[in-house]
Amino acid sequence: MTTIRGAAAITGAASGIGRALAIELAQRGCDLALADRDEGGLKALAAEIGTTRKVSLHRVNVGEAGDIAQFASEAIAAHSSLGIVVNNAGVALMGTFEEIDQAQMDWLFDINFWGVVHGTRAFLPHLKTKAEAHIVNLSSIFGIIAPPGQSAYAAAKFAVRGFSESVRHELSVAGSPVKLSVVHPGGIATAIARNARTGVGVTDNARRAQSIERFENAAKTSPKDAALRIIRGIERNEPRILIGNDARFMDLLQRFRPGTYWAPLQRRLEKMAKGA
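These notes cover the structure that comes with them.

1. Here we look at helix 2 (residues 39-49)
Residues G41, L42, L45, A46 and I49 constitute the buried set of helix 2. Viewed along the axis of helix 2, the buried residues span an arc of 135°, placing them on a single side of the element. Seen from the buried face of helix 2, the exposed residues on the opposite side, beyond 90 degrees, are K43 and A47. Along its buried surface, helix 2 packs onto helix 1 (16-27), strand 2 (31-36) and strand 3 (55-59). With a side-chain oxygen positioned 3.3 Å from the backbone nitrogen of G40, the residue opening helix 2 is D38.

Written out as structure tokens, the structure is:
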């Protein structure tokens, strides 16, 4: 069991799952080092948490390794008891492989994959000095299944999964006090779809609107419920944290039909998107 105490560092903390995690961890007695590019969102979050916990705010672009290194240095200096790191920040990109260019794919990988790698590397030496510590890396259900139109996102989230599982095994073999969980959320009611970039080859604005509508109809889990599930996973040292009935269903389907899951899954997703 990992005890929720001391301080936690969270990237992508100004909104969505990161914001909900900050609030829930603060209520459990954690001090917080909160990182995001949205300084206004961070300040609003800090105001909501109040003065009962020590909160430091850090403007960070997780796509820049230097920003993450500076964040780690400042967060550790501000919170010597820091023992939980949540690499949560992420972005989305709409379009098939042929509709997105290499620069867009690199942009997404810099944030969704390399941001996780750099965050893990920057904090790990400090975490290893603790009696117990925990790293939480956000993948996605699209790190388990890979639908069409998500080639960049799925590739990055599969990479997060593989990286995290290998590092977790390395820490275990070394007898490290650091535990590592990889999180696979299903549809979470956040603004990630509305904030998604569109592939340079996408010319159909109606498709973008339809994609957002389908996501929001299917996203049944609230950020708060996602945060509570992650906290429970930390406390139990769960190696894999699935969030939502949709994620659990897709995970099982992929296990039973690893090469042919898409046809039945597409039918299920269409029903979910229509609220059936």
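Now that the structure is up, let's keep going.
2. Considering a negative patch on the surface
There is a patch of like negative charges on the surface, built from E64, D101, D106 and D110. Structurally, D106 is set in helix 4 (residues 102-112).

3. Focus on the pairing of strand 2
Taking burial as the measure, the six residues of strand 2 include six buried ones, the bulk of the element. Here strand 2 shows a buried face lined by D31, A33 and A35 and a second buried face lined by L32, L34 and D36. Bridge count for strand 1 (residues 7-11) against strand 2 is five bridges, and the pairing is parallel. Across the sheet, A8 pairs through a bridge with L32, a residue of strand 2.

4. Comments concerning a positive patch on the surface
A surface patch of positive charge is lined by R257, R267, R268 and K271. One can find R267 in helix 10 (residues 262-273). The class for R267 is exposed, based on a relative accessible area of 52%.

5. Regarding the side chain of N88
Turning to its location among the elements, N88 is positioned in the loop between strand 4 (82-87) and strand 5 (93-94). Using a relative accessible area of 11% as the deciding quantity, one classes N88 as buried. Residues contacting N88, with those up to four places away along its chain left out, are T11, G12, I17, G18 and L138.

6. Concerning helix 5 (residues 114-127)
For helix 5, spanning 14 residues, the distance from its first C-alpha to its last is 19 Å, which sits close to the expected 20 Å at 1.5 Å a residue. Considered for burial, the residues of helix 5 that qualify are G115, V116, V117, G119, T120, F123, L124, H126 and L127.

7. Structural notes on the environment of I243
Assignment of secondary structure puts I243 in strand 9 (residues 240-243). For I243, a relative accessible area of 2% gives the class buried. As a C-alpha pair, I243 and S140 span 103 residues in sequence and 9.1 Å in three-dimensional space. Those residues in contact with I243 that sit more than four places away from it in its chain are V183, H184, P185, G186, I188, T221, A226, R229 and I230.

8. Describing the packing of aromatic side chains
For the coordinates displayed, the defined rule picks out five aromatic pairs. Relative to F123, the ring of F71 lies with its centre 5.5 Å away and its plane at 75°, an arrangement referred to as edge-to-face. Highlighted residues: F71 in helix 3 (residues 65-78) and F123 in helix 5, separated in sequence by 52 residues. Both residues of the pair, F71 and F123, count as buried. An aromatic cluster is present here, built from F109, F113, W114 and F163 joined pairwise through their rings. Over the ring of W107 we find R197, and its NZ or CZ is 3.9 Å from the ring centre.

9. Notes on the sheet that holds strand 1
As summarised here, the arrangement of the seven strands in space is 3-2-1-4-6-7-9, forming an open sheet in which the pairing is parallel. Where the open sheet ends on each side, the last strands, each with one partner, are strand 3 and strand 9. If you compare each strand with its neighbour and ignore which way they point, the axes differ by 15° on average. The sheet contact formed by strand 6 (residues 133-138) and strand 7 (residues 178-185) spans six bridges and is parallel.

10. Here we look at the pattern of salt bridges
Side chains carrying opposite charge are able to pair once their charged atoms draw close together. Scanning the entire structure with this criterion turns up eleven salt bridges. R240 is paired through a salt bridge with D251; the nearest N and O atoms lie 3.2 Å apart. Here D251 lies in helix 9 (residues 245-256) and R240 lies in strand 9, a separation of eleven residues in the sequence. With a relative accessible area of 4%, D251 lands in the buried category. Several salt bridges converge on common partners, so that one network encompasses R161, E165, R240, D251 and R255.

The rules behind the values
Residues numbered from 1 in each chain as written. Predicted model: local features only at pLDDT ≥ 70, side-chain atom pairs only at ≥ 80, totals over all residues. Heavy atoms only, no water. Buried < 20%, exposed > 50% of the residue type's maximum accessible area, 1.4 Å probe, protein only. Helix = DSSP H or I, 4+ residues; strand = E, 2+ residues; numbered from the N terminus. Arc of directions from axis to C-beta. Contact = heavy atoms within 4.5 Å. Polar contact = N/O pair within 3.5 Å; in protein donor to acceptor, adjacent residues only side chain to side chain. Patch = residues over 30% accessible without salt bridge, like charges linked within 9 Å, V, L, I, M, F, W, Y side chains within 5 Å. Areas by Shrake-Rupley, 256 points an atom, 1.4 Å probe, with all protein chains shown as cover. Salt bridge = Lys/Arg side-chain N within 4 Å of Asp/Glu carboxyl O. Lys, Arg positive; Asp, Glu negative; His and termini not counted. Charge placed at Lys NZ, Arg CZ, Asp CG, Glu CD. Pairing = 2+ DSSP bridges. Expected span 1.5 Å × (residues − 1). Phe/Tyr/Trp six-rings, centres within 6.5 Å; stacked < 30°, edge-to-face > 60°. Lys NZ or Arg CZ within 6 Å of the ring centre and 35° of its normal. Axes fitted to C-alpha atoms, helices over the stretch in contact; angles between N-to-C directions.

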